[in-house]
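# A closer look at the structure
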Amino acid sequence: METTAGLRERKKAETRQAIHKAALRLAVERGLDHVTVDDIVEAANISRRTFSNYFGSKEDALLYGEEERVRSLVRAIRERPAGESGWQALRGAVRDELEDMGELDREWAVRTSLTKRHPSLLARQLANHAALERELVQAIFHRDGAGEPAADLKSRIMAAAFLVALRIATHVWIEEQEARPLSQIMEQALDEVARPFP
């Protein structure tokens, strides 16, 4: 039997997801500039106070799905086998995450396209990526950095290169109108990053 606390957390997650879906749907239908928090509240059938309990802005509600995927990726990297190098853990985690969720849905592509067109979303996404990069640096450093003087710099470069490869792969996937699986494009991008420059 599900505990009261477990049920409460599940209901919170469902509410958060419903708000996110309503925000995304409205932004696609009307354009982000023509969507207000009140519109989202009405579409999600919640109160303004409930919205504020979950999100600080419409941008937060729109990017929620991406933030969840980021947290999942960081967890997956930390849970990789201890014997893997930082780079192996990064690649293995992204491969596992893509396999677990299957090919990405249109929501990912829509959110990415919206982000490219709206400075307020882009600013929020960049802040999310900066936080993710810091977490990746720590995860890589714990794997590769024991006692190495240059390990901090190496960890930072590796995390940044990894994120750039994922970002570019996602943009190529959208530009190609999802003609190839995202996982294939990500593997290709990560191969290019791993290849030494002449």
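What counts, and where the lines are drawn
Residues numbered from 1 in each chain as written. Predicted model: local features only at pLDDT ≥ 70, side-chain atom pairs only at ≥ 80, totals over all residues. Heavy atoms only, no water. UniProt positions renumbered as here; feature names shortened; annotations may be inferred. Helix = DSSP H or I, 4+ residues; strand = E, 2+ residues; numbered from the N terminus. Core = buried A, V, L, I, M, F, W, Y, C linked by side-chain atoms within 4.5 Å. Buried < 20%, exposed > 50% of the residue type's maximum accessible area, 1.4 Å probe, protein only. Contact = heavy atoms within 4.5 Å. Phe/Tyr/Trp six-rings, centres within 6.5 Å; stacked < 30°, edge-to-face > 60°. Salt bridge = Lys/Arg side-chain N within 4 Å of Asp/Glu carboxyl O. Domains from an automatic or database assignment. Buried area = accessible area lost by both parts, 1.4 Å probe. Polar contact = N/O pair within 3.5 Å; in protein donor to acceptor, adjacent residues only side chain to side chain. Nonpolar A, V, L, I, M, F, W, Y, C, P; charged D, E, K, R; others polar. 1 Å grid on protein atoms, 1.4 Å probe; cavity = no way out; pocket = protein on both sides within 12 Å on 5 of 7 lines; lining within 4 Å. Points joined across faces, edges and corners; volume = space filled by probe spheres on them.

The protein chain carries the name TetR family transcriptional regulator in an unreviewed UniProt entry, which gives Microbispora catharanthi as its organism.

All right, on to the UniProt feature "domain: HTH tetR-type" (unreviewed entry) in the protein chain then. Mapped onto this structure's residue numbering, the UniProt feature "domain: HTH tetR-type" (unreviewed entry) falls at residues 13–73. Measuring from the first to the last C-alpha atom of residues 13–73 gives 18 Å, for a span that is 80% helix and 0% strand.

Moving on, we get to the nonpolar core. Membership of the largest hydrophobic core comes to 31 residues, with the highest contact counts inside it found for Ile77, Leu90, Leu136 and Phe162. Secondary-structure elements contributing two or more residues to this core are helix H4 (58–78), helix H5 (86–101), helix H7 (119–144), helix H8 (151–175) and helix H9 (182–194). In terms of residues, this core owes the most to one element, H8, which gives 9 residues. If sequence neighbours within four positions are ignored, Leu136 has contacts with Ile77, Leu90, Ala159, Phe162 and Leu163.

With that out of the way, let us pick up the packing of aromatic side chains. Evaluated as defined, the whole model comprises 3 aromatic pairs. Between Phe51 and Phe55 the ring centres are 6.0 Å apart and the planes differ by 50°, which places this aromatic pair in the tilted class. Side by side, Phe51 and Phe55 carry an identical accessibility label, which is buried. Among the residues examined, Phe55 registers a relative accessible area of 6% and is labelled buried.

As a further point, take the UniProt feature "DNA-binding region" (unreviewed entry) in the protein chain. With numbering matched to this structure, UniProt assigns "DNA-binding region" (unreviewed entry) to residues 36–55. Its end C-alpha atoms 13 Å apart, residues 36–55 is made of 75% helix and 0% strand.

Applying the stated rule across the entire model yields 15 salt bridges. Measuring nitrogen to oxygen at the nearest pair gives 3.8 Å for the salt bridge that ties Glu9 to Lys12. You can see Glu9 and its partner Lys12 sitting in helix H1 (residues 4–30), 3 residues apart, about one turn around the helix. Looking at Glu9, the relative accessible area reads 48%, which means it is partly exposed. Lys12 sits in the partly exposed class, given a relative accessible area of 33%. Between Asp96 and Arg80 there is a salt bridge, and its shortest N-O distance comes to 2.4 Å.

To continue, consider the domain arrangement of the protein chain. By a widespread convention, an interface's size corresponds to the accessible area lost as its parts come together. Entries for the protein chain in the domain assignment read domain 1 (7–57) and domain 2 (63–194). Taken over C-alpha atoms, the centre of domain 1 sits 26 Å from the centre of domain 2. Of the roughly 840 Å² buried between domain 1 and domain 2 on both sides combined, carbon and sulfur atoms contribute 69%. Per-residue buried area on domain 1 facing domain 2 is highest for His20, Leu24 and Leu32; these three make up 54% of the total on that side. For the pair domain 1 and domain 2, the interface holds 0 salt bridges. At the junction of domain 1 with domain 2, the criterion picks out 0 residue pairs in polar contact (both at pLDDT 80 or more). Grouping the constituent residues of the side of domain 1 that touches domain 2 by class yields 5 nonpolar, 2 polar and 3 charged.

Of the pockets and cavities examined, the second largest pocket occupies roughly 150 Å³. Glu67, Val70, Arg71, Val74, Arg75, Arg78, Asn128, Ala131, Leu132 and Glu135 are the residues that line the second largest pocket. The greatest single-element share of the lining of the second largest pocket, amounting to 6 residues, is contributed by H4. Considering only residue class, the lining of the second largest pocket consists of 4 nonpolar, 1 polar and 5 charged.

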